[in-house]
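One letter stands for each residue in the lines below.
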Amino acid sequence: MNEKSLLEKLLKAEDESEVDAILEEFGFLNDTSEIWHPFSDYENNFNLIGNQQADPTAALVEKIINGIDAVLMADCFKKGIDPESPQAPRTMAKAVEAFFGVRDGLLENIQGKELKELADNVHLVAVGAKQSPSYLIIDRGEGQTPAQFPKTFLSLNRSNKMRIPFVQGKFNSGGTGILQFCGTRNYQLILSKRHPGAPVSGTDNTSELWGFTIVRRLLPAGGRKSSMYVYLAPGGKIPSFAAPSIDLLPGASSKNNPAEAYSMPLAHGTCVKLYNYRWKPRSIATTEARYELERYLHSPCLPFRITETREYKANYYSTTLAGVWVTVSLDAGEEEDNKKVEAGFPAYADLNLPSIGSLPYKIGLFREDLDPRHIPHGVFFTVNGQVHGQLPQNFITTSLKFDYLSNHLLVSVDCTSMNDQVREDFFMASRDRLRRNEVYDEILQSLKEELRDHPGLREYNALRKKRLMEKTLSEQEEKIDFFQDLLKVDPTLASLLGIGTRLVTSTGPGDPQVFRGKKFPTYFRLSKEPNEGLLKHCPLNRTVRIEFETDAENDYFKRIDFPGKIYFDPPNLCESNRLWNGKFSARFAMPWNAKIGDLVDFTVNVMDIERETKGGPFVCKFKLKAGADVNAPTPPPGPRREGHKPEDTGSRLEHALAKPDIREVRREQWTNPLLNFNEFTALKIAHNEDGQGYTFWVNVDNAFLLTELSRAKDEEKSLIKFWFEWGLVLCSMGILKDQKRLAEQKTNGNGSAESTEEIAEDLDKVSQLCNGLARVIVSIVRNLPRGPQVRSS
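Calculation rules
- Residues numbered from 1 in each chain as written.
- Predicted model: local features only at pLDDT ≥ 70, side-chain atom pairs only at ≥ 80, totals over all residues.
- Heavy atoms only, no water.
- Helix = DSSP H or I, 4+ residues; strand = E, 2+ residues; numbered from the N terminus.
- Buried < 20%, exposed > 50% of the residue type's maximum accessible area, 1.4 Å probe, protein only.
- Contact = heavy atoms within 4.5 Å.
- Areas by Shrake-Rupley, 256 points an atom, 1.4 Å probe, with all protein chains shown as cover.
- Pairing = 2+ DSSP bridges.
- Axes fitted to C-alpha atoms, helices over the stretch in contact; angles between N-to-C directions.
- Phe/Tyr/Trp six-rings, centres within 6.5 Å; stacked < 30°, edge-to-face > 60°.
- pLDDT = per-residue confidence, 0-100.
- Parallel < 35°, antiparallel > 145°, perpendicular 65-115°, else oblique.
- Left-handed = near helix turned anticlockwise from the far one by under 90°.
- Nonpolar A, V, L, I, M, F, W, Y, C, P; charged D, E, K, R; others polar.
- Salt bridge = Lys/Arg side-chain N within 4 Å of Asp/Glu carboxyl O.

A. How the structure looks around the overall build of the protein chain. A tally of helices and strands in the protein chain yields 20 helices and 28 strands. Scored against the burial criterion, the 793 residues of the protein chain give a buried share of 54%. Taking as baseline every contact in the protein chain between residues at least 6 positions apart, the subset at least 24 positions apart corresponds to 73%. For the protein chain, the exposed area adds up to about 35,200 Å²; of that, 49% sits on carbon and sulfur atoms.

Now the structure itself:
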């Protein structure tokens, strides 16, 4: 067998049918144990491989992360460091700083040419057909010898990286998640050569050879009840050959021409080819592809290049991807109108929960004119910049009540420093899902409280609602008067919907004031501190919020360039903090061994490079006095909070229904990202900014309404539109009321306020139901009052 010839043909094949033909040509297509060996020498391997990532992007990102790990390993060997020794870096960030000279290991510290050169270590390349492309993941990392393939690339559950602290891979299985997304036969080609500076076993005589194999899926047969993944190893050996390099890397692209695939040499490292990979982006040369990758890679420790080699019309064919936060950071130097995020963002905050650990998080609020399809949005949990799980999308609308931010708000919670055991129990091994345990509940409750109370988010949510209202039609006073009269005529309706008989309207806020903070603050002090000093009472099972004021920039404590430092004494008793527009807000708890009546002195010191020469740190002192436990029940096992009482979801919902604010939306407003209407959309429901009441956005250019209007006489048209609007609003209010009833039944009084609330307020579901009602609502209102008509014989 000519191994090199086989490899070249497999490498250039761009469809799984071509792979079939090549394997048949070499006599390898038949399923024989002499040719194909079970992945990891384990016939029942489908139960592990088939339980990996549920999303093709998440699976693809795992392969990129494997490439980044390999590059870090190679540079560790180049430095002469044993990666398992105490001399090895303890985190990925420290490894990037030690091996590549990136300050603090943060990619925000480099840009332009330096960032591009670093990204040249890992490549994602699109090849093949437009309709069913294949992808290459290429790295200049440590590589593996042919003899080591079965113990590395082709293994499951081995401890290959278990004792190496600065790499992401731990479970030795995540890289197999891509297989079920590779066409119908699940072909994956693996090609690798060991880095010349990397150690090899003394008995391994394949260290200078290229090794390759192809993985495929065998369907159940011969009494085997499930599929099995196998790899090509004729005679029990990985095919190998000698060559100084192989043309694998893409060439340079120009503005009008894509890069040429397989045109630049790779001397060592690894190339993985995924045949006919079923991935959503049509082309890698699109913002959609970047968004898909950044959705799972918020802050990768190393950048990488993505390259398109197929014939597409595009503004670029090759670019560097370094994560969404690097993109936001690079935009920070742009003019205000060109920035992707709103003024004051990104914002930074910290959670430090007992027994869970430190959870710093970033908040990005993208501008409302940006297409939500091209920006990550939601609440995500990351480890070393890679997303490991996220909260449900309706958390932003249902729990936070930020309906007008839901498609543009990004919260990235960094779990890298989380307690090790807690992290293992919190994240699934597939690294794309969360385990809903008590840790999940506590983090969820803490984030809900902190984010819902964030002044910047509250302000922008109200502002966006106001702007949207200014662009829509409304006769609110007339609608309120009608609804008031309706309730007087039919009090039963008020009872059924659970509302009062008096309605209130409200007006929106003005534009936010632009805050101009200073790079180095001139003051940092307690807000409204009494002359005798600040003393606050804190129940032993709660926290208390302390407010400070300063003229520091929002990123003062988190920026890359000369950040400020804050020190708490006693340490580890500040459970959360944030800085926003001159207000530093922090929650403090009493020591675990405090007793009722104890007084605890707290000191907060703030220092930066300028304060070192200007009189030392800012010093703030206050006292907390321990009080008795607050006996009002709280949703276990949520964090301790000042004066918290569980929400009465039912009463809040009933009160909220008392404010139907109806807004008419025309076709020209459909494309607004806050609405995203089409001709079949009938209604969108959103919370009011105070959490009390709803706004009902009614599509008066709905296709079914327009059909009814086209058939009606001129004098009937205003009445038909009236029926359409009020019919949908009243129906939606009834559905919301019934959702609350179902939530109470499901929890039976034992569920948390959070779970009850999530069930009780699925506004998107109610809106979707109303899309169906729009087809018949006018006919129902018009015809049902007539009752059955008796035919004469």
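B. Structural view of the sheet that holds strand β17 (residues 409-414). Strand order in the open sheet made by the nine strands is β16-β15-β17-β14-β13-β22-β23-β20-β18, with mixed pairing throughout. Edge positions in the sheet fall to β16 (386-390) and β18 (524-526), since each of these pairs with one other strand and no more. Taken pair by pair, the neighbouring strands of this sheet meet at an average axis angle of 25 degrees, ignoring direction. Judged from the four bridges that link them, strand β15 (residues 378-383) and β16 form a sheet pairing that is antiparallel. If you follow V383 over to β16, its bridge partner there is Q386. Taken strand by strand, helix α11 (residues 438-452) contacts β13 (347-353), β14 (357-365), β15, β17, β20 (543-550), β22 (574-580) and β23 (583-589), and its axis lies near 140 degrees from that of β13.

C. Just the packing of aromatic side chains, in detail. Enumeration according to the criterion identifies 28 aromatic pairs in this entry. Their ring planes at 85 degrees and their centres at 5.8 Å tell us that F99 and F166 sit as a pair that is edge-to-face. Highlighted residues: F99 in helix α5 (residues 92-100) and F166 in the loop between β3 (133-139) and β4 (188-193), separated in sequence by 67 residues. Judged by relative accessible area, which is 8%, F99 ranks as buried.

D. Quick peek at the confidence of the model for the protein chain. Across the protein chain, pLDDT averages 85, with 84% of residues at or above 70. Confidence drops under a pLDDT of 50 for residues 500-507, and excluding neighbours within four residues, the segment shows 16 contacts in the predicted structure. Every residue in residues 751-756 scores below 50 in pLDDT, and together they form 13 contacts with partners more than four places removed in sequence or on other chains.

E. Here's a closer look at the packing of helix α1 (residues 3-12) against helix α2 (residues 16-25). Two elements in contact, α1 and α2, have axes whose closest approach is 9 Å; the angle formed by their N-to-C orientations is 165 degrees. In terms of axis orientation, α1 runs roughly antiparallel to α2. Handedness of the crossing formed by α1 with α2: right-handed. Here L6, K9, L10 and K12 of α1 lie close against α2, whose contacting residues are E18, V19, I22 and E25. Residue composition of the contact of α1 with α2, grouped by class: four nonpolar, no polar and four charged.

F. Main features of the pairing of strand β5 (residues 210-218). Most of β5 sits inside the fold, with eight of its nine residues counted as buried. Bridging between β4 and β5 involves five bridges; their strand directions are antiparallel. Paired with L189 across the strands is I214, a residue of β5. By the bridge criterion, two bridges tie β5 to strand β7 (residues 240-241) in an arrangement that is antiparallel. Considered in β7, the bridge of W210 is made with F241.

G. Local environment of the pattern of salt bridges. Evaluation of the coordinates by the stated rule reveals 36 salt bridges. A salt bridge links E368 to R467; its shortest N-O distance comes to 2.9 Å. On the criterion of sequence distance, the pair formed by E368 in the loop between β14 and β15 and R467 in helix α12 (residues 455-470) is long-range, its members being 99 residues apart. Accessibility expressed as a relative area gives 29% for R467, which makes it partly exposed. We note a salt bridge from E610 to K614, for which the minimum N-O separation is 3.6 Å. A relative accessible area of 48% places K614 in the partly exposed class. What emerges from the salt-bridge pattern is a single network uniting E449, E450, D453, R545, R578 and R587.

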